[in-house]
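Residues per chain are reported as follows:
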Amino acid sequence: MSELHKFLFEGLPVRGMIVRLTDAWTEVQRRRAANSTTGAYAQPVQALLGEMIAAGVLMQSNIKFNGSLILQIFGDGPVKLAVAEIQSDLGLRATATVRGEVPAGAALSAMVNLHGQGRCAITLDPKSLLPGQQPYQGVVPLTNADYRPLEKLSDVLQHYMRQSEQLETTLVLAADDRVAAGLLIQRLPLQGKGNLEGQRGQDEHETEVLNEHYNRIATLASSLKRDELLTLDVETILRRLFWEEKLQRFEPLQGETAPRFACSCSRERVGKMIQGLGVSEAHDILAEQGSIAVDCEFCGAQYRFDAVDVAQIFKAPGEQPPSSPAVQ
Ligand SMILES: [Zn+2]
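### Description of the packing of aromatic side chains
Then, number 1: All chains considered together, the criterion is met by three aromatic pairs.
Then, number 2: Judged by centre distance (5.8 Å) and plane angle (75°), the ring pair of F7 and F9 falls under edge-to-face.
Then, number 3: Using a relative accessible area of 1% as the deciding quantity, one classes F7 as buried.
Then, number 4: F9 gets classed as buried once you look at its relative accessible area, which sits at 2%.
Then, number 5: Over the face of the ring belonging to F298 we find R93, whose NZ or CZ atom lies 3.8 Å from the ring centre.
Then, number 6: The positively charged end of R267 is found above the aromatic ring belonging to F305, 4.0 Å away from the centroid.

### A few points about the packing of helix α1 (residues 23–33) against helix α2 (residues 43–63)
Then, number 1: It is at 11 Å that the axes of α1 and α2 come closest, and there the two elements cross at 135°. As the angle between them shows, α1 and α2 are arranged oblique. Relative to α2, α1 is oriented so that their crossing is right-handed. Together, W25, V28 and Q29 of α1 and Q46, L49, G50 and I53 of α2 make up the contact between the two elements.
Then, number 2: For the contact of α1 with α2, the residue count by class is four nonpolar, three polar and no charged.

### What to know about α2
Then, number 1: The end-to-end C-alpha separation of α2 is 30 Å, in line with the 30 Å expected for 21 residues at 1.5 Å each.
Then, number 2: Of all the 21 residues making up α2, 19 are buried; the element is thus mostly covered by neighbouring parts of the structure.

### Looking at unusual backbone geometry
The phi torsion of most residues other than glycine is negative, and most of the peptide bonds are trans.
Then, number 1: A positive phi angle, near 50°, is found at K64, a position not held by glycine.
Then, number 2: Given a relative accessible area of 65%, K64 falls into the exposed group.
Then, number 3: Its identity as a non-glycine residue notwithstanding, Y147 has a phi of 65°, on the positive side.

### Details of the pattern of salt bridges
Then, number 1: Summed over the entire model, instances satisfying the criterion amount to ten salt bridges.
Then, number 2: Notably, a salt bridge pairs D176 with R178, separated by 3.7 Å at the nearest N-O pair.
Then, number 3: Taking relative accessible area as the criterion, D176 reaches 19% and is therefore assigned buried.
Then, number 4: Accessibility expressed as a relative area gives 44% for R178, which makes it partly exposed.
Then, number 5: Notably, a salt bridge pairs D309 with R267, separated by 3.2 Å at the nearest N-O pair. Here D309 is found in helix α10 (residues 307–313), whereas its partner R267 is found in helix α8 (residues 267–277), with 42 residues between them in sequence.

### As for the coordination of the zinc ion
Then, number 1: Every protein donor of the zinc ion is listed here as C263 (SG), C265 (SG), C296 (SG) and C299 (SG), and their distances to the metal cover 2.2 to 2.3 Å.
Then, number 2: Because the angles between the four donor atoms bound to the zinc ion fall within 104 to 115°, the donor set is best described as tetrahedral.
Then, number 3: Sequence spacing among the residues donating to the zinc ion works out to C-x1-C-x30-C-x2-C. Taken together, the residues span a long stretch of sequence, with C263 in the loop between β12 (260–261) and α8 and C299 in the loop between β13 (292–295) and β14 (302–305) at a distance of 36 residues.
Then, number 4: Under the relative-accessibility criterion, C299 is labelled buried at 11%.

### Description of the sheet that holds strand β3 (residues 67–74)
Then, number 1: Here we have six strands laid out as an open sheet, ordered β7-β6-β3-β4-β5-β12, and mixed in their pairing. The two strands at the open ends of the sheet, each matched to only one other strand, are β7 (136–141) and β12.
Then, number 2: As defined by bridge partners, β3 adjoins strand β4 (residues 79–86) across six bridges and the pair is classed as antiparallel. Counted as the bridge partner of I73 is A82 from β4.
Then, number 3: The strands touched by α1 within the sheet are β5 (91–98) and β12, with β5 carrying the most contacts at an inclination of about 40°.
Then, number 4: Sitting on the sheet, α2 touches β3, β4, β5 and β6 (119–126), and the angle it makes with β3 is about 145°.

### A look at the pairing of β14
For a regular strand, side-chain orientation follows a simple rule: the groups alternate between the two sheet faces.
Then, number 1: With burial as the criterion, only one face of β14 is covered, namely that bearing Y303 and F305; the residues Q302 and R304 on the opposite face remain uncovered.
Then, number 2: Across four bridges, β13 lies against β14 in antiparallel orientation. Residue pairing in the sheet places V294 in a bridge with Y303 of β14.
Then, number 3: Remark: six residues form the turn of the hairpin made by β13 and β14, two consecutive strands paired antiparallel; G300 in that turn has positive phi of roughly 90°.

### A few points about the environment of S154
Then, number 1: Within the fold, S154 resides in helix α4 (residues 153–165).
Then, number 2: S154 sits 88 residues away from N66 along the chain, and the two C-alpha atoms are 24 Å apart.
Then, number 3: Apart from residues no more than four positions distant in its own chain, S154 is found in contact with L171 and L173.

Reading guide: rules and limits
- Residues numbered from 1 in each chain as written.
- Predicted model: local features only at pLDDT ≥ 70, side-chain atom pairs only at ≥ 80, totals over all residues.
- Heavy atoms only, no water.
- Phe/Tyr/Trp six-rings, centres within 6.5 Å; stacked < 30°, edge-to-face > 60°.
- Buried < 20%, exposed > 50% of the residue type's maximum accessible area, 1.4 Å probe, protein only.
- Lys NZ or Arg CZ within 6 Å of the ring centre and 35° of its normal.
- Axes fitted to C-alpha atoms, helices over the stretch in contact; angles between N-to-C directions.
- Helix = DSSP H or I, 4+ residues; strand = E, 2+ residues; numbered from the N terminus.
- Parallel < 35°, antiparallel > 145°, perpendicular 65-115°, else oblique.
- Left-handed = near helix turned anticlockwise from the far one by under 90°.
- Contact = heavy atoms within 4.5 Å.
- Nonpolar A, V, L, I, M, F, W, Y, C, P; charged D, E, K, R; others polar.
- Expected span 1.5 Å × (residues − 1).
- Salt bridge = Lys/Arg side-chain N within 4 Å of Asp/Glu carboxyl O.
- Donors = N, O, S within 2.8 Å, 3.2 Å for Na, K, Ca; no water.
- Tetrahedral: all angles 85-135°; square planar, octahedral: opposite > 155°, others 65-115°.
- Pairing = 2+ DSSP bridges.

So, in structure tokens, the structure goes:
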């Protein structure tokens with residue numbers, strides 16, 4: 001079963017989270033394998049997508065955003081696009097667009113950053129947008145400060161989180177065909193204190209002590225090996241890493257509240273998309289193929305619109321059935 005655990009280091013401004021996705025992750029893969037056009041993911045793509053989902057769940061839980069958190073990698077190699085989308089209730093879905101072969105053991109840069117043009121985007125799309133409001137999007141390159149390609153998704157996202165939240169973050173991610181898992185450790189801002197760098201004297205000493213605490217915990221977290229994250233249960237991982245620390249644990253999210261596979265596609269949404277094509281383009285497809293068929297690349301659901309359905313879509317707004325206009 002999938003599960004998410006949150007904890008605090010007692011007396012220290014440091015929090016942690018560990019996610020372990022099993023059924024939610026295998027469902028994502030099962031849907032892909034059932035797609036006769038694409039077939040199952042090649043192993044390196046599977047590992048990347050699993051890590052993206054685990055990271056997305058950690059980030060969504062960390063900021064508690066009311067809407068969807070969308071993690072996207074726009075690649076310039078064989079993986080053109082990889083997407084993981086996590087809702088505030090931890091319903092999740094993911095997909096990747098792959099062109100050509102991805103050899104076994106392919107590095108991250110070989111998949112998505114072949115020519116140094118790969119990008120990672122994090123979008124926060126609120127449940128309801130105010131008029132004129134755009135979803136927030138942050139974009140980071142897949143290279144470090146010296147323009148060298150990063151080979152770990154965790155490094156890309158750590159960089160993003162330091163930049164966007166101004167909080168020191170340590171992330172460990174791993175995924176295979178059964179488990180997608182992640183550990184996040186984050187330093188919290190001190191309550192009632194301003195910019196740490198501007199402080200002097202007693203506060204400076206205090207800051208130094210807190211830095212040492214965070215560095216110790218981050219070093220312990222970073223020592224977690226990929227294999228351990230994939231094969232050990234959460235209790236064992238926390239005991240092994242932090243047996244000398246005092247942890248305050250919270251009620252884990254598991255069972256009904258656990259992260260789970262959920263696709264937000266619907267016939268109404270596909271109808272909107274067809275509307276976006278324009279009436280002449282839609283009629284061209286109808287003339288050529290008899291109907292418009294759209295498959296959801298996240299869950300595999302098949303939507304088919306015949307001439308009557310298409311005529312409905314392009315009716316004047318006032319004549320539309322009551323179900324359509326409400327859809328976002
Ligand atoms: Zn779907």
